[in-house]
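One letter stands for each residue in the lines below.
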Amino acid sequence: MRFGIIGAGPIASNISKKIVKNGHDLKIADARGIERLEGKELAGTPVSVEDVIKNIDVLIISIPFHALPSIRNVVNKVGEEVVVVDTSNYYPQISNKIEEIENRMVESVWVSNQLGRPIIKAFNNLLAYTLEHQGTPEGTSGRIAIAIAGNNQSHKQIIMNLANELGFDAVDSGSLSDSWRQQPGTPAYCTELTKDELTEALKKANKEKAPFLRDKVIEKLSAATGGYSHQEIVQLNREIYNS
């Protein structure tokens, strides 16, 4: 398949390496300009943001949440047959508060509105370390799973198949309106669960409590003078998001 990625942060970089390793064509762009990619170790071909959307089957957008509205003019030129994936998460401490989301609009619905087209929500409920180091072959006991939400079932299936290629089981987490169940603050978010565990975690999500629990984790991480290891972050998420 032919992939384009907008973004060159840890999530985008890890996804791009695995896509290329699996034999797919990949172009990668930085929404702020191709010069931002100079000197970076990247898989795939660095291109401009205008070129990244040409002749592709899947567009993966992995940029900061608050920057998503800035690329609408690019996404507007993407063909309807192209699967558009968003990996972002809303943290008001970083993005500043967005009124619609603070008033309980589902994050991914807001993103879809800003981009002006349907999207698939995926790769947002794994930490970058997990995505890079903890993928395993299909059928491996204890294989970690990814939640994937969206309204277009065929587009969603393409990304579920991609998740499997990258080393993770996939769980269909419902429509885009259901994607709040994999947002920060929920038991499904960055807790490294198996397919069965993730399915249960999505059911247990509490929409009202999620923002409070999300901010509670951020406060603890910010207050830690010595920092947290990857496994400590996963454990902290499990303890607080299930409380």
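Before reading on, note that the structure itself is shown above.
Caption draft 1: Structural context of the overall build of the protein chain. Summing up its helical and strand segments, the protein chain has ten helices and eight strands in all. The C-alpha radius of gyration of the protein chain comes to 17 Å, within 12% of the 18 Å expected for a compact globule of 243 residues. For the protein chain, the spread of C-alpha atoms along the principal axes amounts to about 45 × 45 × 40 Å. Within the protein chain, the fraction of its 243 residues that count as buried is 50%. Per element, the accessible surface of the protein chain, about 11200 Å² overall, is 47% carbon and sulfur.

Caption draft 2: Focus on the sheet that holds strand β7 (residues 145-150). As summarised here, the arrangement of the eight strands in space is β3-β2-β1-β4-β5-β6-β7-β8, forming an open sheet in which the pairing is mixed. Taken across any chain shown, the strands that pair with only one partner, and hence form the sheet edges, are β3 (45-46) and β8 (169-172). Bridging between strand β4 (residues 58-61) and strand β5 (residues 83-86) involves four bridges; their strand directions are parallel. Note on β5: the bridge partner recorded for I60 is V85.

Caption draft 3: Representation of the pairing of β8 within the structure. Across four bridges, the pairing between β7 and β8 is parallel. When the sheet's bridge partners are listed, I146 is paired in β8 with A170. Taken together, β7, helix α7 (residues 153-166) and β8 form a β-α-β motif whose crossover is right-handed.

Caption draft 4: Highlighting the environment of N96. Relative to the assigned elements, N96 resides in the loop between α3 (92-95) and α4 (99-102). A relative accessible area of 55% places N96 in the exposed class. With 30 residues separating them along the chain, N96 and H66 place their C-alpha atoms 7.9 Å apart. When sequence neighbours within four positions are dropped, the list of residues in contact with N96 reads Y90 and Y91.

Caption draft 5: Expanded view of helix α9 (residues 210-223). The terminal C-alpha atoms of α9, which comprises 14 residues, lie 20 Å apart, in line with the 20 Å expected from a rise of 1.5 Å per residue. Those residues of α9 lying buried are A210, L213, R214 and V217. Considered in projection along α9, the buried side chains sweep an arc of 105 degrees and stay on one side of the axis. Turned more than 90 degrees away from the buried face of α9 sit F212, E219, S222 and A223, all of them exposed.

Caption draft 6: Inspection of the side chain of S108 at higher detail. When you line up the elements, S108 lands in helix α5 (residues 107-115). Since its relative accessible area comes to 0%, S108 is described here as buried. Filtering out sequence-adjacent residues up to four positions away, S108 remains in contact with I119, K121, L176, S179 and Q183.

Caption draft 7: Main features of the pattern of salt bridges. Here the structure, examined in full by the defined rule, presents nine salt bridges. Between D30 and R32 there is a salt bridge, with its nearest N and O atoms 3.0 Å apart. For R214, the salt bridge goes to D215, with nearest N and O atoms at 2.9 Å. Note on D215: relative accessible area 21%, which makes it partly exposed.

Caption draft 8: Structural view of the layout of surface pockets. Reported here for the largest pocket is a volume of approximately 820 Å³. Lining the largest pocket are 36 residues, and of these I11, I63, P64, S88 and N89 lie nearest its centre. Of all the secondary structure elements, the ones that give two or more residues to the lining of the largest pocket are α1 (10-21), α3, α9 and α10 (230-241). By residue class, the composition of the lining of the largest pocket is 22 nonpolar, eleven polar and three charged. Roughly 170 Å³ of volume is contained in the second largest pocket. Counting residues per element, the ones that place at least two in the lining of the second largest pocket are α4 and α9.

Conventions adopted
Residues numbered from 1 in each chain as written. Predicted model: local features only at pLDDT ≥ 70, side-chain atom pairs only at ≥ 80, totals over all residues. Heavy atoms only, no water. Helix = DSSP H or I, 4+ residues; strand = E, 2+ residues; numbered from the N terminus. Rg over C-alpha atoms; globule rule 2.2 N^0.38 Å. Buried < 20%, exposed > 50% of the residue type's maximum accessible area, 1.4 Å probe, protein only. Areas by Shrake-Rupley, 256 points an atom, 1.4 Å probe, with all protein chains shown as cover. Pairing = 2+ DSSP bridges. Right-handed = clockwise from strand over helix to strand, strands pointing away. Contact = heavy atoms within 4.5 Å. Expected span 1.5 Å × (residues − 1). Arc of directions from axis to C-beta. Salt bridge = Lys/Arg side-chain N within 4 Å of Asp/Glu carboxyl O. 1 Å grid on protein atoms, 1.4 Å probe; cavity = no way out; pocket = protein on both sides within 12 Å on 5 of 7 lines; lining within 4 Å. Points joined across faces, edges and corners; volume = space filled by probe spheres on them. Nonpolar A, V, L, I, M, F, W, Y, C, P; charged D, E, K, R; others polar.

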